[in-house]
Amino acid sequence: MIAHPDASLEPLDADDVAGALAVHQRAFGYPYPSEALHRDVAAPDAAVLGARRDGALLGFGVVRLLADEAHVLTLAVLPAVRGRGVGRALLAAMREAAV
């Protein structure tokens, strides 16, 4: 998996949904659909990846594979850590997970 010097990148699961929803709300000012995120973390054709530092979720992204294409459904990074490469690292990891 792609590395980031200040965050660990890892797949998220159902236990991480509440934290990811909170990140999305803070990043965009509106919620990501809870039922969709629960479905995505369980789907074999999707990757839900998070970036953590000291256990805290800094951002996450969702990519879903459809036929021979990868669709980025969301990519959210907390405003406080924007501009530090977290989103770039997540996007690279999502791309890697899709191929």
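Here is a short report on the structure shown in this document. These numbers were taken from a predicted model, which means no experiment stands behind them. (Residues numbered from 1 in each chain as written. Predicted model: local features only at pLDDT ≥ 70, side-chain atom pairs only at ≥ 80, totals over all residues. Heavy atoms only, no water.)

Some words on the overall build of the chain
Of the regular secondary structure elements, the chain holds three helices and four strands. Along the chain direction, N to C, the helices and strands of the chain fall in the order β-α-α-β-β-β-α. Relative to a compact globule of 99 residues, whose C-alpha radius of gyration would be 13 Å, the chain shows 12 Å and is just as compact. Counting across all 99 residues of the chain, residues that qualify as buried make up 43%. Expressed as a percentage of contacts within the chain between residues at least 6 apart in sequence, the contacts between residues at least 24 apart total 54%. Of the accessible surface of the chain, which amounts to about 5,400 Å², a share of 54% is contributed by carbon and sulfur atoms. Treating the 9 positive side-chain charges of the chain as one cloud and the 12 negative ones as another, the clouds have centres 9 Å apart. (Helix = DSSP H or I, 4+ residues; strand = E, 2+ residues; numbered from the N terminus. Rg over C-alpha atoms; globule rule 2.2 N^0.38 Å. Buried < 20%, exposed > 50% of the residue type's maximum accessible area, 1.4 Å probe, protein only. Contact = heavy atoms within 4.5 Å. Areas by Shrake-Rupley, 256 points an atom, 1.4 Å probe, with all protein chains shown as cover. Lys, Arg positive; Asp, Glu negative; His and termini not counted. Charge placed at Lys NZ, Arg CZ, Asp CG, Glu CD.)

Section: the pattern of salt bridges
Scanning the entire structure with this criterion turns up four salt bridges. Among the salt bridges present, the one from Asp45 reaches Arg64, with a minimum N-O distance of 2.6 Å. One end of the pair, Asp45, is in the loop between α2 (34-42) and β2 (46-53); the other, Arg64, is in strand β3 (residues 56-66), and 19 residues separate them in sequence. Judged by relative accessible area, Asp45 falls into the partly exposed class, the value being 27%. (Salt bridge = Lys/Arg side-chain N within 4 Å of Asp/Glu carboxyl O.)

A short note on the nonpolar core
Leu37, Phe60, Val86 and Leu90 are the most contacted members of the largest nonpolar core, which has 29 residues in total. Elements with a contribution of two residues or more to this core: α1 (17-28), α2, β2, β3, β4 (69-77) and α3 (86-98). When residues no more than four places from it in sequence are discounted, the contact partners of Leu37 are Val17, Ala20, Leu21, Tyr32, Val48, Phe60 and Val62. (Core = buried A, V, L, I, M, F, W, Y, C linked by side-chain atoms within 4.5 Å.)

Regarding the packing of aromatic side chains
Per the counting criterion, the structure on display carries two aromatic pairs. Taking 6.4 Å as the distance between ring centres and 90° as the angle between the ring planes, the aromatic pair formed by Tyr32 and Phe60 counts as edge-to-face. A residue pair is termed long-range when its members are at least 10 positions apart, and Tyr32 in the loop between α1 and α2 and Phe60 in strand β3 qualify at 28 residues. The exposure classification of Tyr32 matches that of Phe60, with both residues buried. (Phe/Tyr/Trp six-rings, centres within 6.5 Å; stacked < 30°, edge-to-face > 60°.)

Thoughts on the side chain of Arg52
Mapped onto the fold, Arg52 is located in strand β2. Owing to a relative accessible area of 16%, Arg52 belongs among the buried residues under this scheme. A polar contact of 2.5 Å, which involves the side chain of Arg52, links it to the side chain of Glu10. Excluding residues within four positions of it along the chain, Arg52 makes contact with Asp6, Ala7, Ser8, Glu10, Leu12, Asp16, Leu57 and Leu58. (Polar contact = N/O pair within 3.5 Å; in protein donor to acceptor, adjacent residues only side chain to side chain.)

Quick look at the sheet that holds strand β1 (residues 8-11)
Judged by pairing direction, the sheet is antiparallel, and its four strands sit side by side in the order β1-β2-β3-β4 without closing on themselves. Sheet topology places β1 and β4 at the edges, where each strand pairs with a single neighbour. Pairwise comparison of adjacent strand axes, ignoring direction, gives a mean angle of 20° for this sheet. Looking at chain direction, β2 and β3 are connected through eight bridges and run antiparallel. (Pairing = 2+ DSSP bridges. Axes fitted to C-alpha atoms, helices over the stretch in contact; angles between N-to-C directions.)

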